Amino acid sequence: MDQKQLRDNTAIVTGGSRGIGRAIVLALSGQGADCAFTYTAHQEAAEALADEIRALGQRALPIRLDVRDFEGAKTMIEQVKGEFGRLDILVNNAGITRDRSLMGMSREDWADVIDTDLTGVFNTTRACIITFLKQKRGNVVNVSSVSGIRPMAGQVNYAAAKAGIIGFTKSLAQEVAPYNVRVNAVAPGFIETDMTSLLGEKFRDKALQQIPLGRFGTAGEVAQAVLFLVSEASHYITGQVLQIDGGLGM
Ligand code: NAP
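As the structure is a prediction and not an experimental result, all values here were calculated from the model.

Caption draft 1: Spotlight on the site of the ligand. Within the structure, the ligand sits among 31 residues, and Ser 17, Ala 41, Asn 93, Tyr 158 and Thr 193 are positioned closest to it. Within the side chain of Arg 18, an N or O atom sits 2.8 Å from an oxygen atom of the ligand. Between the ligand and the protein, one listed contact pairs an oxygen atom with a side-chain N or O atom of His 42 at 3.0 Å. Within the complex, 94% of the 900 Å² of free accessible area of the ligand lies under protein. At a threshold of 2 Å from the grid points, most atoms of the ligand map onto the largest pocket. Of all elements in the fold, only helix H1 (19-30), helix H5 (156-176) and helix H6 (194-197) reach the threshold of two or more residues within the shell around the ligand.

Structure, rendered in structure tokens:
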């Protein structure tokens, strides 16, 4: 008997080519989901990931999409439904940082982060929600951050976007619950990816002192939490924010 939890499901993961998104794609396809995922710049990484998904026996669809593109998000949903025939799961993972103090923050630093990290979530979710409502089945997981709960100095743009995602998650969860559509968020702490690889030694040491479990997390650990939230194991959970942060944000 096939014990895979997501057999016959199809998923879209934004920002799937690297880091946390890549680990989420592998976790979902490892449990039997066909996976579409987006990327913007790293086409080689996206194609390599598509090969890995196919090696797991699932269908793969890499799509070049900037999540800031409202019309592009609509086209992507149609493309995925056309290719896979159904859509069950949306994971809004794509995100960037442009950390600096407020007095040094440009209009572009602000807009890039808000448009990608927050409006991007609106664009893709808006594009697929009608499908979920009509079929009375669907599952959305948004990747927020501990910065949206317990922010640090020097990232007002990122903290605002990630806190915004939490408000978005809780409001939408109430709106669509009567249609059997669940909406949750994960809030990772410091996770070893390209995003955190640029942090200086001094900053890392200071951060480590604040993490009760005493280490940065892995992308795979975040992916396991997302897998739980999109699987039947969590079917009575909606509107929640699951922190994967070694205790940092408690
Ligand atoms: P990452 O390694 O920098 O990867 C970012 C991913 O997002 C890449 O796949 C990238 O595509 C994609 N992306 C960037 N801008 C995009 C856009 N405009 N449209 C579509 N895709 C875009 O980041 P990560 O560390 O895995 O972070 C993933 C998510 O987790 C983000 O939302 C981040 O805020 C959140 N998070 C991360 C941490 C952490 O410590 N790493 C902690 C808390 C929350 P390309 O490969 O094509 O560039």
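Caption draft 2: Main features of the packing of aromatic side chains. Tallying each qualifying case throughout the model produces three aromatic pairs. Between Phe 70 and Phe 122 the ring centres are 6.1 Å apart and the planes differ by 10 degrees, which places this aromatic pair in the stacked class. Placement of Phe 70 in helix H3 (residues 70-84) and of Phe 122 in helix H4 (residues 107-135) is noted, with a sequence separation of 52 residues between them. Geometrically, the ring pair formed by Phe 190 and Phe 216 is stacked, given 5.0 Å between the ring centres and 20 degrees between the ring planes. Remark: Phe 216 occurs in the loop between helix H7 (201-210) and helix H8 (219-230) and Phe 190 occurs in the loop between strand S6 (181-188) and H6; sequence separation between them is 26 residues. The same class applies to Phe 190 as to Phe 216, namely buried. These aromatic residues form a ring-pair network of at least three members: Phe 190, Phe 203 and Phe 216.

Caption draft 3: A look at unusual backbone geometry. The phi torsion at Asp 8 lies on the positive side, around 75 degrees, for a residue other than glycine. With respect to the helices, strands and loops of the structure, Asp 8 is situated in the segment before strand S1 (10-13).

Caption draft 4: Region of interest: the pattern of salt bridges. Inspection of every chain in the model, using the stated rule, returns 14 salt bridges. When the shortest N-O distance is used, the salt bridge between Asp 109 and Arg 100 registers 3.5 Å. The buried category is assigned to Asp 109, whose relative accessible area is 11%. Residue class for Arg 100 comes out partly exposed when judged on its relative accessible area of 36%. Within the structure, one salt-bridge network assembled from shared partners comprises Asp 66, Arg 68, Arg 98 and Asp 112.

Caption draft 5: Looking closely at the layout of surface pockets. For the largest pocket, the calculated volume is near 1,200 Å³. Lining the largest pocket are 50 residues, with Gly 95, Ile 96, Thr 97, Tyr 158 and Met 195 sitting closest to its centre. Those elements giving two or more residues to the lining of the largest pocket turn out to be H1, strand S2 (34-39), H4, H5, H6 and H7. For the lining of the largest pocket, a count of residues per class yields 21 nonpolar, 20 polar and nine charged. Size it by volume and the second largest pocket reaches roughly 300 Å³. Arg 137, Asn 139, Arg 182, Val 230 and Glu 232 are, among the 15 residues lining the second largest pocket, the residues nearest its centre. Partitioning the lining of the second largest pocket into residue classes produces three nonpolar, seven polar and five charged.

Caption draft 6: Spotlight on H5. Helix length check: H5 (21 residues) gives 30 Å between terminal C-alpha atoms against 30 Å at 1.5 Å per residue, within 8%. Those residues of H5 not exposed but buried are Asn 157, Tyr 158, Ala 159, Ala 161, Lys 162, Ile 165, Ile 166, Thr 169, Leu 172, Ala 173 and Val 176. Along its buried surface, H5 packs onto H4, strand S5 (138-143), S6, H6 and strand S7 (241-244).

Caption draft 7: Summary view of the side chain of Thr 131. Examined against the element boundaries, Thr 131 turns out to sit in helix H4. The residues touching Thr 131, leaving out its near neighbours within four places in the chain, are Ile 77 and Lys 81.

What counts, and at which threshold
Residues numbered from 1 in each chain as written. Predicted model: local features only at pLDDT ≥ 70, side-chain atom pairs only at ≥ 80, totals over all residues. Heavy atoms only, no water. Near = heavy atom within 4 Å. Polar contact = N/O pair within 3.5 Å; in protein donor to acceptor, adjacent residues only side chain to side chain. Areas by Shrake-Rupley, 256 points an atom, 1.4 Å probe, with all protein chains shown as cover. 1 Å grid on protein atoms, 1.4 Å probe; cavity = no way out; pocket = protein on both sides within 12 Å on 5 of 7 lines; lining within 4 Å. Sits in = over half its atoms within 2 Å of the grid points. Helix = DSSP H or I, 4+ residues; strand = E, 2+ residues; numbered from the N terminus. Phe/Tyr/Trp six-rings, centres within 6.5 Å; stacked < 30°, edge-to-face > 60°. Buried < 20%, exposed > 50% of the residue type's maximum accessible area, 1.4 Å probe, protein only. Salt bridge = Lys/Arg side-chain N within 4 Å of Asp/Glu carboxyl O. Points joined across faces, edges and corners; volume = space filled by probe spheres on them. Nonpolar A, V, L, I, M, F, W, Y, C, P; charged D, E, K, R; others polar. Expected span 1.5 Å × (residues − 1). Contact = heavy atoms within 4.5 Å.

Any functional reading would require information beyond the geometric quantities listed.
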